[in-house]
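Structure at a glance
Okay, here's what each chain looks like letter by letter:
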Amino acid sequence: MHPNILKIIVVDNDQLLHEAYQNYFESYLDYSLQGIYISVQDALSDYDLVSPDIIFSEVSLPDMCGIEGIKLFRAKDPNVKIIMLSAQNDFEIVKKAFKNTANGYLTKPVSDRSLYNALDSIKSEGAIISNDIAKKVISMFQRKSRDFFSERENQVIDYLCQGATYKTIAEKLFVTASAINFHIQNIYLKLDVNSKSEALVKLQELEY
């Protein structure tokens, strides 16, 4: 085998997908599918013979969770690249996979193009996640921007973003104008800005 061709194994107990994996890899010149297994233990039994460069492993497997299998593969080769596959994009599962040193996470169904892009990213960048997971992570961090401000500050910001004046905000929140000014100054301080216009630009950048 050409030394630049990376060896791949797949661990997936859904045998209906095995033919699809074989068809995908037949068209890849830089990657060679060395085996498809239905469990972590089956893959481990052939591991020394195959010595894969990249492993695709389903999260839900009959013998053990695919995420738990990561440490067993790492015991064989600490440098092997491991990409988890799952129909679930629950962030807690994704987080657990990366905490256990997975190099990537793809949401099923996986197309020929997304599989190849994943391999390309692993080869050049060393990591990959599906677009739907990336969007979920970004959304989560954007929501957390609200946690940066107090409940009252968030109320003031909502009115600011609607174009309300300080006087109107005070009337809406049943507080004095000086109280609103106090909150505004704290918001400016947290955003590191000096004016309402700068604050609105910064909040827009945060997609508040």
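Keep in mind the model is a prediction, meaning the values are calculated, not measured.

Another aspect to go through is the overall build of the chain. Helices and strands together make up the secondary structure of the chain, namely ten helices and six strands. Over its C-alpha atoms the chain spans a radius of gyration of 25 Å, topping by over 25% the 17 Å that the globule rule assigns to 208 residues. Considering only C-alpha atoms, the chain reaches an extent of 75 × 30 × 30 Å along its principal axes. Contacts spanning at least 24 positions in sequence make up 63% of the contacts within the chain whose residues lie at least 6 apart. Accessible surface computed for the chain: about 11,700 Å², of which carbon and sulfur atoms make up 52%.

The strand order across the open sheet formed by six strands is 2-1-3-4-5-6, and the pairing between neighbours is parallel. Each edge of the open sheet carries a strand with a single partner, namely strand 2 (31-37) and strand 6 (128-129). The pairing of strand 1 (residues 6-11) with strand 2 spans six bridges and is parallel. The residue bridging V11 from the neighbouring strand is Y37, located in strand 2. Where helix 4 (residues 91-99) meets the sheet, it contacts strand 4 (81-86), strand 5 (104-107) and strand 6, and its direction lies at approximately 150° from that of strand 5.

Here the focus is the pattern of salt bridges. Oppositely charged side chains are able to pair whenever their charged atoms sit close together. Enumeration according to the criterion identifies five salt bridges in this entry. Measuring nitrogen to oxygen at the nearest pair gives 2.5 Å for the salt bridge that ties E58 to K108. On the criterion of sequence distance, the pair formed by E58 in strand 3 (residues 54-58) and K108 in the loop between strand 5 and helix 5 (112-124) is long-range, its members being 50 residues apart. The same class applies to E58 as to K108, namely buried. One salt-bridge network, held together by shared partners, links D12, E58 and K108.

This part takes up the packing of helix 7 (residues 151-161) against helix 8 (residues 166-173). Where helix 7 contacts helix 8, the two axes come as close as 10 Å, and the packing angle between them is 130°. Relative to helix 8, the element helix 7 is oriented oblique. Along this stretch, helix 7 crosses helix 8, giving a crossing that reads as right-handed. Residues R152, Q155, V156, Y159 and L160 of helix 7 pack against Y166, I169, K172 and L173 of helix 8.

Inspection of the entire model under this criterion finds six aromatic pairs. Centre to centre, the rings of F25 and Y28 are 5.3 Å apart; their planes meet at 75°, and the pair counts as edge-to-face. Summarising the burial analysis for this pair, F25 and Y28 share the class buried. Joined through ring pairs, the aromatic side chains of F25, Y28, Y31, F56 and Y116 make up one cluster.

Time to look at helix 2 (residues 40-50). Since the α-helix packs 3.6 residues into each turn, any two residues three or four apart lie on the same face. Buried within helix 2 are the following residues: V40, A43, L44, Y47 and V50. The buried residues of helix 2 all sit within an arc of 130° when viewed along its axis, so they share a single face. Away from its buried face by more than 90 degrees, helix 2 exposes S45, D48 and L49. Contact partners of the buried residues in helix 2: strand 1, strand 2, strand 3 and helix 3 (66-76). S51, located one to two residues past helix 2, shows a positive phi value of around 50°.

With respect to the helices and strands, I55 occurs in strand 3. On a C-alpha basis, the gap between I55 and F25 in space is 13 Å, while along the polypeptide they are 30 residues apart. Residue contacts for I55: discarding those within four places in its chain leaves I9, V11, Y47, F73, V80, K81, I82 and I83.

Below, the discussion takes up the nonpolar core. Ranked by internal contacts, the top residues of the largest apolar core, which has 24 residues, are I55, I67, F73, I82, M84 and Y105. Contributing elements (two or more residues each) for this core: strand 1, helix 2, helix 3, strand 4 and helix 4. Counting residues per element, this core draws most heavily on helix 2, at five residues. Contact partners of F73, with chain neighbours within four places excluded, come to V11, V40, A43, L44, Y47, I55, V80 and I82. Counting residues in each nonpolar core, the second largest holds 19 residues, with V10, Y24, I54 and F56 among its members.

Conventions adopted
Residues numbered from 1 in each chain as written. Predicted model: local features only at pLDDT ≥ 70, side-chain atom pairs only at ≥ 80, totals over all residues. Heavy atoms only, no water. Helix = DSSP H or I, 4+ residues; strand = E, 2+ residues; numbered from the N terminus. Rg over C-alpha atoms; globule rule 2.2 N^0.38 Å. Contact = heavy atoms within 4.5 Å. Areas by Shrake-Rupley, 256 points an atom, 1.4 Å probe, with all protein chains shown as cover. Pairing = 2+ DSSP bridges. Axes fitted to C-alpha atoms, helices over the stretch in contact; angles between N-to-C directions. Salt bridge = Lys/Arg side-chain N within 4 Å of Asp/Glu carboxyl O. Buried < 20%, exposed > 50% of the residue type's maximum accessible area, 1.4 Å probe, protein only. Parallel < 35°, antiparallel > 145°, perpendicular 65-115°, else oblique. Left-handed = near helix turned anticlockwise from the far one by under 90°. Phe/Tyr/Trp six-rings, centres within 6.5 Å; stacked < 30°, edge-to-face > 60°. Arc of directions from axis to C-beta. Core = buried A, V, L, I, M, F, W, Y, C linked by side-chain atoms within 4.5 Å.

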